[in-house]
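# Analysis of the macromolecular model
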Amino acid sequence: MTVTERRPGHDAAVAPGPVAARLRAGTLLAACAGLAGAALLAVLVGPVRLPPGAVLLELVGRLPLVHTHSGLTRQEAAILWQLRLPRVVLGGLVGAMLALAGAAYQGVFRNPLADPYLLGAAAGAGLGATLAIAYGPDTSSWPVDLLPMAAFAGAVIAVAAAYALGRSGGAGSTTTLILSGVAVAAFLTAIQTYVQQRDSETLREVYGWILGRLTTAGWREVVLVVPYALLSTVAILLHRRLLDVLAVGDDEASSLGVRAARVRLVVVAAATLATAAAVAVSGLIGFVGIIVPHTIRLVAGSSHRLLGPLSLVAGAAFLILADLVARTVMAPAELPIGVVTAFFGAPFFALVLRNSRHAP
Amino acid sequence: MTAIELRGVSVALDGRPVLRELTLRIPGGSRLGLIGPNGSGKTTLLRAIAGLVPHDGEIRVGDAAGGSLSRRELARRIALVPQSPAVPAGISVTDYVLLGRTPYIPYLGTESRRDLEIVASVLDHLDLAGFAARGLDSLSGGERQRAVLARALAQQAPVLLLDEPTTGLDVGHQQQVLELVDALRDDLGLTVVSAMHDLTLAGQFADHLVLLDGGRVAADGPARAVLTEQVISQHYHASVRVLEDPGGGIVVVPVRVPTERQVVM
């Protein structure tokens, strides 16, 4: 097999060699700069406005071997470190996880409408959270809140059930899997509604959780999410090239030497972990997992090599900004963040869709 | 040397037998044309050789038993061009052809310089260099079929399986694609197995024809021996004339037999 050996002499004719779709450092840098800007803005704005220069000095001062005097009052420093920063970090993590999971699900199922709540993840998390709120013990003195753990467990169990059901159905095609997710979700939602109606005094709390919120965000939640976020991000990004191979379908991927079912299992597991972690601390925040990856597809291209890293960064920035809006427009009251993501996300997406040359 | 050997190969899909006890030897460097009516098992045979459907019996690929090879090893030995390849949205021709390098790229790794060089040379070879940056979905049918072929060549497998490589192409592009495959076979010493519907083209572009019917080999041999009016009428239930082409070879043309109804009209 000597295809390469016919190359000499042709180089001049093929002026620029073929360029594969790759993430350019500049694009990633620009996205990260956008994220940093969004995060800084979100840290500064609130009922108490913090001075930007002092905040930057204060943040830099936390680096090892750097000592600065920021000039923030003790109260301002507490607002920065105990209220704003954990909330911004958590919002960023949740947005990043939802967007990355969305991109991964869409790739693995070859379905542009797949989202992180597919396969019953949301319904399972909702049931877990509702059970914890309705019947769980008071955990305010525990080191870790029960609610996120219950939501997490619910999401993982639901997806495992959907996966088992989908595979037992025979061919294990993606449609079978999605349909079994729909069945599992319907069943769990029915139970959840039943529990919720029985315990009407907790109704408000359950609704508050389901609509999504970052209100109670603290470093405790951040610590809860980080390990899962790290694990699933690494797993999904490592599979980004293989996700591109899956785009030609299971059959052709197999004939190219890839075990499609195995790749799908690993990526689905990682994306579910990411979703469950996000849902556990923030409730159900819709739209991010669909809007962010598709916007990136339309703007930058659909190779998972771009899509994965850019979804991560853009998802974080989008959710940080959405949360900023959620807590400022009706201050001192807060809008559920899911309302904001949909209200701004939908028109923005419509705009991108209209102006794009290559539709998805 | 034998490139592919099948011994007593049977395949059942959903409990329905599709291939029955098939025995076939495909010599290295040969051009085998697989013909037969719809549903005769042509596609399933190609898929079985490529290791995409479970089978009974033995399939040997070169000197190894097909079952003993890993998916990757098999993909380095056999490249399959499916009948209707998926066209992923927004993928460039370069990235699409690069998919053919998958069996050589480490599981979680990325392609090497050499992989890109091979892609460049394949694009060059198939006159696709000008399309390298274009989207696959923006190509015409003939160009796209060349891109699919390029992906298969990037696999650098000695055996090329083609499932109806001329589907949806006009007669000119059908000839171009088949001539291209033939030239590549000469250049690279490939073994080519193509499933074909057009019997005339099958006769022109294969040294050896295998006629499948009901999952069994119904006829086997050079074009002149297999493509007879009697054989075609028996297995395709078609009325055809097999004509002598003055330039050499034979031509199969369908004819319309007048029926009662036409006489009345």
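What you are looking at is a predicted structure, and each value in this text was computed from that prediction instead of being measured. (Residues numbered from 1 in each chain as written. Chains lettered and ligands numbered in written order. Predicted model: local features only at pLDDT ≥ 70, side-chain atom pairs only at ≥ 80, totals over all residues.)

### Observations concerning the overall build of chain B
- Helix and strand content of chain B: ten helices and twelve strands.
- Scaling as 2.2 N^0.38, a compact globule of 265 residues should have a C-alpha radius of gyration of about 18 Å, and chain B matches this with 20 Å.
- Expressed along its principal axes, the backbone C-alpha trace of chain B runs to roughly 70 × 40 × 35 Å.
- For chain B, the proportion of contacts with a sequence separation of at least 24, taken over those separated by at least 6, is 64%. (Helix = DSSP H or I, 4+ residues; strand = E, 2+ residues; numbered from the N terminus. Rg over C-alpha atoms; globule rule 2.2 N^0.38 Å. Contact = placed C-beta atoms within 7 Å.)

### Structural notes on unusual backbone geometry
All names here are of chain B.
- At Asp14, a residue that is not glycine, the phi angle is positive and equals roughly 50°.
- With respect to the helices, strands and loops of the structure, Asp14 is situated in the loop between β1 (2-13) and β2 (16-27).
- One non-glycine residue, Asp127, lies in the positive phi region at around 60°.
- Among the secondary structure elements, Asp127 is positioned in the loop between α4 (113-125) and α5 (141-154).
- Note on Asp127: 12 C-beta atoms within 10 Å, which makes it exposed. (Buried ≥ 20, exposed ≤ 12 C-beta atoms within 10 Å, placed from the backbone.)

### Overview of the sheet that holds strand β3 (residues 31-35) of chain B
Residues and elements named next belong to chain B.
- Pairing in this open sheet of six strands is mixed, and the strands run β6-β7-β8-β3-β9-β10 from one edge to the other. Both edges of this open sheet fall to β6 (78-81) and β10 (216-221), since each of them pairs with a single strand only. Ignoring strand direction, the axes of neighbouring strands in this sheet form an average angle of 20°.
- The sheet contact formed by β3 and strand β9 (residues 208-213) spans four bridges and is parallel. Among the inter-strand pairings, Gly33 is bridged to a residue of β9, identified as Leu209. (Pairing = 2+ DSSP bridges. Axes fitted to C-alpha atoms, helices over the stretch in contact; angles between N-to-C directions.)

### What about helix α6 (residues 171-188) of chain B?
Residues and elements named next belong to chain B.
- In this model α6 runs 26 Å from its N-terminal to its C-terminal C-alpha over 18 residues, within 8% of the 26 Å that 1.5 Å per residue would give.
- Every buried residue of α6 is listed here: Gln174, Val177, Leu178, Val181 and Leu184. The buried residues of α6 occupy one face: seen down the axis, they fall within an arc of 120°. Turned more than 90 degrees away from the buried face of α6 sit Val171, Gly172, Glu179, Ala183, Asp186 and Asp187, all of them exposed.
- Buried-residue contacts for α6 involve α5, β7 (159-163), β8 (191-195) and α7 (199-205). (Expected span 1.5 Å × (residues − 1). Arc of directions from axis to C-beta.)

### As for the environment of Ala342 of chain A
Residues and elements named next belong to chain A.
- Along the chain, Ala342 falls in helix α14 (residues 337-355).
- For Ala342, a count of 17 C-beta atoms within 10 Å corresponds to the partly exposed category.
- When the C-alpha atoms of Ala342 and Ile285 are compared, they prove to be 9.1 Å apart, with 57 residues separating the residues in sequence.
- Dropping the residues within four chain positions of it, Ala342 is found in contact with Gly286 and Phe287.

### Some thoughts on the confidence of the model for chain B
Residues and elements named next belong to chain B.
- Per-residue pLDDT for chain B has a mean of 89; in total, 97% of the residues score no lower than 70.
- Of all helices and strands in chain B, the one with the weakest mean pLDDT is helix α10 (residues 260-264) (56), whereas β8 scores best (95).
- The ipTM, which scores confidence in the relative placement of chains, is 0.88 for this predicted complex, and the corresponding pTM is 0.85. (pLDDT = per-residue confidence, 0-100.)

### Here we look at the pairing of strand β11 (residues 240-244) of chain B
Residues and elements named next belong to chain B.
- Counting buried positions along β11 gives zero out of five residues, so the element sits mostly on the surface.
- Looking at chain direction, β11 and strand β12 (residues 250-254) are connected through five bridges and run antiparallel. By the bridge assignment for β12, Val240 is matched with Pro254.
- Linkage of β11 to β12, two consecutive antiparallel strands, is achieved through a turn of five residues, within which Gly248 is found at a positive phi near 100°.

### Points about α5 of chain B
Residue and element names in this part refer to chain B.
- Spanning 14 residues, α5 covers 20 Å between terminal C-alpha atoms, matching the ideal 20 Å at 1.5 Å per step.
- Of all 14 residues in α5, eleven are buried; the element is thus mostly enclosed.
- Looking at α5, one finds that the buried residues are Arg144, Gln145, Arg146, Ala147, Val148, Leu149, Ala150, Arg151, Ala152, Leu153 and Ala154.
- Residues of α5 that are buried sit in contact with β6, α3 (93-98), α4, β7 and α6.

### Notes on the interface of chain B and chain A
- If you look at the interface, chain B gives 41 residues, while chain A gives 32 residues.
- Elements that contribute at least two residues to the side of chain B that touches chain A include exactly α2 (71-77), α3 and α4 of chain B.
- Sort the elements by how many residues they give to the side of chain B that touches chain A and α4 of chain B lands first, with ten residues.
- Residue composition of the side of chain B that touches chain A, grouped by class: 26 nonpolar, ten polar and five charged. (Nonpolar A, V, L, I, M, F, W, Y, C, P; charged D, E, K, R; others polar.)

### Thoughts on the nonpolar core
- The biggest cluster of nonpolar side chains holds 184 residues, and the ones touching the most others in it are Met97, Ala274 and Ala277 of chain A together with Ile78 and Leu161 of chain B.
- When residues of this core are assigned to their parent elements, the largest contribution, 18 residues, is made by helix α3 (residues 74-109) of chain A.
- Setting aside residues up to four positions removed in sequence, Leu161 of chain B forms contacts with Leu46, Ile49, Ala50, Ile78, Ala79, Leu80, Val81 and Val193 of chain B. (Core = buried A, V, L, I, M, F, W, Y, C linked by C-beta atoms within 7 Å.)

### What about the pairing of β1 of chain B?
Residues and elements named next belong to chain B.
- Sheet topology places β1 next to β2; eight bridges connect them, and they run antiparallel. Among the inter-strand pairings, Ile4 is bridged to a residue of β2, identified as Ile26.
- Between the end of β1 and the start of β2, which pair antiparallel, lie two residues, with Asp14 showing a positive phi angle near 50°.
- Pairing of β1 with strand β4 (residues 56-61), which is carried by five bridges, proceeds in the antiparallel orientation. Its bridge partner lying in β4, Leu6 is registered against Ile59.

### Thoughts on the packing of helix α12 (residues 288-299) of chain A against helix α13 (residues 304-328) of chain A
All names here are of chain A.
- In contact at an axis separation of 9 Å, α12 and α13 are set at 125° when each is read in the N-to-C sense. Between α12 and α13, the crossing angle belongs to the class labelled oblique. Crossing geometry of α12 relative to α13 is assigned as right-handed. Contact residues: Val288, Val292, Pro293, Ile296 and Arg297 in α12; Leu306, Leu307, Leu310, Ser311, Ala314, Gly315, Phe318 and Leu319 in α13.
- Partitioned by chemical class, the residues of the contact of α12 with α13 number ten nonpolar, two polar and one charged. (Parallel < 35°, antiparallel > 145°, perpendicular 65-115°, else oblique. Left-handed = near helix turned anticlockwise from the far one by under 90°.)

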